[in-house]
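What follows is the residue order along each chain.
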Amino acid sequence: MFKKKKRLSASAIGIAIVAFIAMVLWLMDVLNDRNAKVDVLVEINAFENWNYHSPGKSVFNIAPDEEVAVLRVRYGKDFMAAKVENSKGKEGWIFFHSEKAVIYWPEKT
């Protein structure tokens, strides 16, 4: 009976370690996304979801040179999308399938 409990606790520790590593990797991904910058070249719409083929309704417009914060970045087979937040606190998804906006990660100094 003691060996069974020992194996069970070793399994629990292993699962906890794997979960912790997965959480750290996810957090690193989020922090990397939030370091991204967006340059809007012409007025674009921000949509309610990141599905390129069915983005839902437009949530707000982003004017050229308007500052937005990048919250998340998603990739698909034929598109790239970023969840952004404007200065009024509204959130929406923009797409980078044309030359209307550019996303980049600044060099660290």
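Up top is the structure these notes are about.
The structure presented is a predicted model; accordingly, all values stated were derived computationally and were not measured.

Definitions and cut-offs
- Residues numbered from 1 in each chain as written.
- Predicted model: local features only at pLDDT ≥ 70, side-chain atom pairs only at ≥ 80, totals over all residues.
- Heavy atoms only, no water.
- Helix = DSSP H or I, 4+ residues; strand = E, 2+ residues; numbered from the N terminus.
- Rg over C-alpha atoms; globule rule 2.2 N^0.38 Å.
- Buried < 20%, exposed > 50% of the residue type's maximum accessible area, 1.4 Å probe, protein only.
- Polar contact = N/O pair within 3.5 Å; in protein donor to acceptor, adjacent residues only side chain to side chain.
- Contact = heavy atoms within 4.5 Å.
- Salt bridge = Lys/Arg side-chain N within 4 Å of Asp/Glu carboxyl O.

1. What about the overall build of the protein?
1) Next: Broken down by element type, the protein carries one helix and seven strands.
2) Next: Mapped from its N terminus to its C terminus, the protein presents α and β elements in the order α-β-β-β-β-β-β-β.
3) Next: For 109 residues, the compact-globule formula gives about 13 Å, and the C-alpha radius of gyration of the protein, at 20 Å, lies well above that figure.
4) Next: Overall, the C-alpha framework of the protein stretches about 70 × 40 × 30 Å when taken along its three principal axes.

2. Some words on the side chain of Asp33
1) Next: Among the structural elements, Asp33 can be located in helix α1 (residues 2-34).
2) Next: Classification of Asp33 as buried rests on a relative accessible area of 3%.
3) Next: At 2.8 Å, the side chain of Asp33 and the side chain of Arg72 are in polar contact.
4) Next: At a separation of 3.1 Å, a polar atom in the side chain of Asp33 contacts the main-chain amide nitrogen of Val73.
5) Next: Beyond its immediate chain neighbours, meaning those up to four positions away, Asp33 contacts Val70, Leu71, Arg72, Val73 and Trp105.

3. Some details on the pattern of salt bridges
1) Next: Applying the stated criterion across every chain yields a total of three salt bridges.
2) Next: Between Asp33 and Arg72 there is a salt bridge; the shortest N-O distance is 2.8 Å. Of the two residues, Asp33 is situated in helix α1 and Arg72 in strand β4 (residues 69-75); the sequence distance between them amounts to 39 residues. Of the two residues, Asp33 and Arg72, neither departs from the other in class, the shared state being buried.
3) Next: When the shortest N-O distance is used, the salt bridge between Glu91 and Lys83 registers 3.3 Å.
4) Next: Lys83 sits in the partly exposed class, given a relative accessible area of 24%.
5) Next: A cluster of three or more residues bridged by salt bridges with shared partners is formed by Asp29, Asp33 and Arg72.

4. Let's talk about unusual backbone geometry
1) Next: Positive phi, close to 65°, is recorded for Asp65, a residue that is not glycine.
2) Next: Locating Asp65 in the fold gives a position in the loop between β3 (58-62) and β4.
3) Next: Note on Asp65: relative accessible area 70%, which makes it exposed.

By themselves these figures say nothing about function.
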